[in-house]
Amino acid sequence: MFPTSKIKLIAYLGIALSAISLFVHLFIANSSAGGPYNKVHVDDLYPVQRIWHRRLWGPVSSLETLHPIANATPRKKYPAPNGDNGFIYAKIYGGFEKIQSSISDLVAVSKLLNATLVIPEIQSSLRSKGISTKFKSFSYIYDEDSFISALSKDVVIVKTLPNNLKEARKKTKFPTFSTKGSESLNFYLGRVLPKLKESKAIGLIVSQGGCLQSVLPPSMVEYQRLRCRVAFHALQFRTEVRALGKRIVGRLRAFGRPYLAYHPGLVRETLAYHGCAENFQDVHTELIQYLRKEMIKKGIIKEELTVDSFPRKRNGSCPLFPEEVGLILRAMGYPLDTLIYVAGSETFGGQRILIPLRALYPNLLDRTSLSTDQERQAVVGPELPLPSDIPYPPPSKSPDELLEEWKQAGPRPRPLPPPPARPFYPHEKQGWYGWIAESETEPAPSLTELRSMAHRLLWDAVDYYVSVEADAFFPGFTNDAGRQVDFAGLVMGHRLYQTPSVFTYRPDRKTLAELFGNITDNLYHPPRNWTFLLRSHLNKSLSTDGLITEAQISKSRSFLSHPLPECSCTTPNPSLAQYKGLEECPDWMVRDLALVSTRSKSQSEDEDADLLEDDLESDPEPDKSDSNRGSDQDEEMDPDD
C-alpha cells in the first residue's frame, strides 16, 4: 500500500537509500584488493584441508641433506669401557639446562679417564623437602635404566658406590674438585687422573652448566659424538614426563595446524648479569638490582651496580620482549590465529608481561592451558603436605583473665591500645617479590619455594620436549655470554641435530634492535621497507648463513647448542660446502636414506593430491585476488595514514 503521509514516504525512502548504500559498501569491500587489512584470506586461517605455507613452516631445503650420525652404527671404534681407574661421583647444581649439559660432560670425562661413573646427584631435587619419595635425584627427571643401557658400550655406569667406598665417602676420604664450566683436558689428565688412580674414587662439584671445554681437538670427534649420544639419545625423561609432553603435543596437533614454540628467556639471573633492570619498572627493577649486587659481591660481575640498560638493549645483551616478538611474527606473515606455545618454567614478570603478545596472538598457550591439574600432579607424584605459614590468631582469653589485665593496666584515664596488626598471608610473603616490602635482604628459600624449584625442573623438561617437537621455534634470548648454556640454546641444538630442516630461528638481537630503533622514512616504502629487511635477516638465520654465524658465536660456549659438524653428516649439497668440517654420510646410510626418502615422497604426493582434490571440490571458483596476495602482504602501511 502506497503511503499517504509525506513523513512516512520520506522515512521509507531513507531506509531504502541506507540499504542500497550498505549493499554498495559491502560489495566494494568484498571485491577490493587494496591490501591485507580489508580481506581475510583463506590461506591466512590455515584450515585443515590446506597445504601449509612453506614460507612460514618450512622445511629449509638447504638443510634437508643434514642427518644425525652420533648414534649411527657402525661408527668409529675406540677402547671398550672397563672403568678400571676408579669411580667418579658428582653433584650437579643449577636448573634444567645446566643439568642437561653437565651430565653429557660428566660422561665424556668418565670416558676420558676410563672411570666408572656413578649416577649424578641433582641437588635441586635433593634440597627440596617433601617432594615425592617415588622419585629422587637423577630419577626425578630422567629414566635411570635407559640411561645406563644406552651408554653401556661407551661408559660403565652404576647407580651407587660400593658399600666400602660409601663409608669412606661419608668420612670425606676422597678428593673433591670444584669444576669450572670449561675445564681443559690438561686439568683432568694432569690433576684429576693421578688422584683418581691413587684413591680409586673422586668427587666432582659441577655448578656452571658443564665441566669440560666445549671445543675438543679434531682427533677427539668421538668424544663429541658421545656428548650428543648422551644429550639426544640416552637422557630420556621418565615415563610420566614423556607422557605429559606427548599429550600436550597431541593436543596442539589436534587443532589441525602447525604450532610455534617460543621461549621468552626472561630469567632474573640473565637480566641481572647483563644490566637490563631499567627495561622493567617498580618492584621488578629492585629485584634485578638486588641480585646484580649479590653477583658483584661474589665476583661474578666486574661492573658497576647501576648501568644504563638502553645501550645494553641496543647491543643485543638483553632479551627480546614479548611485544617485540609479536611484531616480528606479524612482519614475517604469521596469521593472527597462529598457535604459540610459551615454554619455560620462569618468565620474569609473570603473565602480565605476556599481555601485549597475547593481544597480537590470542592463541597463546602453555602447559597449564593444555593439561589438567590431575595430569600435572601425576608428573609430580605423591607429596607430603608442608606446614602452613598462615599466622594463627592468639587464643581467646577468659573473662577472669581480661578482668585481671584491666586491673593491672595502670591508672586511668589512658589511651586506647593500637589495633592489632593485619596478618600477612602466604600469597603476600612468599614468591619472587614478597620479601622486598619487608626486608632489605632476600630471605632463604622457604620449604614451599624449594619444592617449587624442584617442580620447575619437571616443567622445563615437559616444555623442552614440546619445543623440540614444534614446527617452528623462536628464542627470545640465546647465546648468553655470561652463562655457559641456556634453555633456548639446548632446544636449538637438539632441533639442529634431530630435524635440521625444520624452522629454527636464530635471530641476532643487535640487528633486530637496530631495526626497531630505525625510524628512517625510506624504510617504510617498498621495495626495501622495514618488513623486507626483517624478513631477510630472519630467513638468513634459518639457512646455512645462520648456521655459520651461530657456530662462531655459541660453539665456543656450549657444544650442545651447536653440535655441528661432529654429530651430523651430509649427502652431496653445494649449499653446505662452505660449512667446514662436515663429513659425507657413509654409503650404507645414503642407501637407507634414499629408500626412506622414496617412500615418504610417494606418500606425500598421494596426500597432496588428495588435499588438492578436496580444495577443488570445496572451492570450485578460486578467488582471483589470491594471486596478488604475496605482493599485497609485503606492502607496508604508510605511517602518515
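In the nomenclature of an unreviewed UniProt entry, the chain corresponds to O-fucosyltransferase family protein from the organism Rhynchospora tenuis. Heading Pathway (unreviewed entry) of the UniProt record for the chain holds this comment: "Glycan metabolism." Comment text from UniProt for the chain, heading Sequence similarities (unreviewed entry), reads "Belongs to the glycosyltransferase GT106 family."

Participant: Account for the overall build of the chain, with residues named and values stated.
Facilitator: Scanning the chain from N- to C-terminus turns up 25 helices and 14 strands. Looking at the chain as a whole, 46% of its 641 residues are labelled buried. Residue pairs in contact within the chain that sit at least 24 positions apart in sequence constitute 78% of those at least 6 positions apart. Per element, the accessible surface of the chain, about 33,800 Å² overall, is 57% carbon and sulfur.

Participant: A description of the packing of helix α21 (residues 509–517) against helix α22 (residues 530–542) should follow, citing residues and the corresponding values.
Facilitator: Where α21 meets α22, the axes come as close as 11 Å, and the angle between the chain directions of the two elements is 175°. Between α21 and α22, the angle falls in the class roughly antiparallel. Contacts between α21 and α22 pair Thr511, Leu512, Leu515 and Phe516 from the former with Trp530, Leu533, Leu534 and His537 from the latter. For the contact of α21 with α22, the per-class residue count stands at six nonpolar, two polar and no charged.

Participant: Summarise the packing of aromatic side chains; cite the residues concerned and give the values.
Facilitator: Using the criterion set out here, one finds 17 aromatic pairs in the structure. These aromatic residues form a ring-pair network of at least three members: Phe96, Phe138, Tyr142, Phe147, Phe237, Tyr464 and Phe487. The residue whose ring lies beneath Arg238 is Phe135, and the NZ or CZ to ring-centre distance is 3.6 Å. Stacked on the ring of Tyr140, the Lys or Arg Arg238 has its end atom at 5.8 Å from the ring centre.

Participant: Could you give me a rundown of the UniProt feature "transmembrane region" (unreviewed entry) in the chain, with the residues and numbers involved?
Facilitator: Annotation from UniProt places "transmembrane region" (unreviewed entry) at residues 9–28. Split by type, residues 9–28 is 100% helix and 0% strand. Its first and last C-alpha atoms lie 29 Å apart.

Participant: Give a detailed account of the state of the cysteines, specifying residues and quantitative values.
Facilitator: A full pass over the atoms with the stated rule returns three disulfides. Here Cys228 is linked by a disulfide to Cys567, with a sulfur-sulfur distance of 1.9 Å. Judged by the sign of its S-S torsion, about 90°, the cystine formed by Cys228 and Cys567 is right-handed. With a gap of 339 residues between them, Cys228 in helix α9 (residues 221–234) and Cys567 in the loop between α23 (544–554) and β13 (568–570) connect regions that are remote in the sequence. Given a relative accessible area of 0%, Cys228 falls into the buried group.

Participant: Any chance you could break down helix α16 (residues 373–380) for me, citing the residues and the numbers?
Facilitator: Buried residues of α16: Glu375, Arg376, Val379 and Val380, and no others. The arc that holds the buried residues of α16, viewed along the axis, is 145°, so those residues lie on one side. Across α16 from its buried face, at more than 90 degrees, point the exposed residues Asp373 and Gln374. On the buried face of α16, the contacting elements are α10 (239–253) and α19 (447–468). Where α16 ends, the next residue or the one after it, Gly381, has phi of about 90°, a positive value.

Participant: Break down the pairing of strand β2 (residues 87–92) for me, citing the residues and quoting the values.
Facilitator: Extensive coverage of β2 is indicated by the burial of five of its six residues. For β2 and strand β3 (residues 116–118), the ladder comprises two bridges, and the chain directions are parallel. The residue of β3 that forms the bridge with Phe87 is Thr116. In terms of strand pairing, β2 meets strand β7 (residues 201–206) through six bridges, oriented parallel. Within β7, the residue paired with Ile92 across the bridge is Val206.

Participant: Provide a residue-level description of the sheet that holds strand β1 (residues 66–68), including the pertinent values.
Facilitator: Spatial strand order, β1-β13-β14: three strands in an open sheet with mixed pairing. Looking at which strands have only one partner, the edges of the open sheet turn out to be β1 and β14 (583–584). For β13 and β14, the ladder comprises two bridges, and the chain directions are parallel. Across the sheet, the residue bridging to Cys569 is Glu583, located in β14.

Participant: Explain the sheet that holds strand β9 (residues 339–342) to me, and be specific about the residues and the numbers.
Facilitator: With parallel pairing, five strands are arranged side by side in an open sheet as β10-β9-β8-β11-β12. Taken across any chain shown, the strands that pair with only one partner, and hence form the sheet edges, are β10 (364–365) and β12 (503–504). With four bridges connecting them, strand β8 (residues 259–263) and strand β11 (residues 472–475) associate as parallel partners. Bridge pairing links His263 to Pro475 in β11. On the sheet, helix α20 (residues 487–498) packs against β8, β11 and β12 and is oriented at approximately 150° with respect to β11.

Participant: How would you sum up the nonpolar core? Please name residues and give values.
Facilitator: Of all hydrophobic cores here, the largest spans 86 residues; its most connected members are Tyr142, Phe147 and Tyr188. With 10 residues, the top contributor of residues to this core is α19.

Participant: So what about empty space enclosed by the protein? Which residues, and what values?
Facilitator: Following the criterion strictly, the structure yields seven cavities of 30 Å³ or more and no others. In terms of lining, the largest cavity is formed by 17 residues, of which the most central are Ser101, Asp105, Arg557, Ser558 and Phe559. The dominant element in the lining of the largest cavity, judged by the number of residues it contributes, is helix α4 (residues 96–113), at three residues. Residue composition of the lining of the largest cavity, grouped by class: three nonpolar, 11 polar and three charged.

Conventions used here
- Residues numbered from 1 in each chain as written.
- Predicted model: local features only at pLDDT ≥ 70, side-chain atom pairs only at ≥ 80, totals over all residues.
- Heavy atoms only, no water.
- UniProt positions renumbered as here; feature names shortened; annotations may be inferred.
- Helix = DSSP H or I, 4+ residues; strand = E, 2+ residues; numbered from the N terminus.
- Buried < 20%, exposed > 50% of the residue type's maximum accessible area, 1.4 Å probe, protein only.
- Contact = heavy atoms within 4.5 Å.
- Areas by Shrake-Rupley, 256 points an atom, 1.4 Å probe, with all protein chains shown as cover.
- Axes fitted to C-alpha atoms, helices over the stretch in contact; angles between N-to-C directions.
- Parallel < 35°, antiparallel > 145°, perpendicular 65-115°, else oblique.
- Nonpolar A, V, L, I, M, F, W, Y, C, P; charged D, E, K, R; others polar.
- Phe/Tyr/Trp six-rings, centres within 6.5 Å; stacked < 30°, edge-to-face > 60°.
- Lys NZ or Arg CZ within 6 Å of the ring centre and 35° of its normal.
- Disulfide = S-S within 2.5 Å.
- Arc of directions from axis to C-beta.
- Pairing = 2+ DSSP bridges.
- Core = buried A, V, L, I, M, F, W, Y, C linked by side-chain atoms within 4.5 Å.
- 1 Å grid on protein atoms, 1.4 Å probe; cavity = no way out; pocket = protein on both sides within 12 Å on 5 of 7 lines; lining within 4 Å.
- Points joined across faces, edges and corners; volume = space filled by probe spheres on them.

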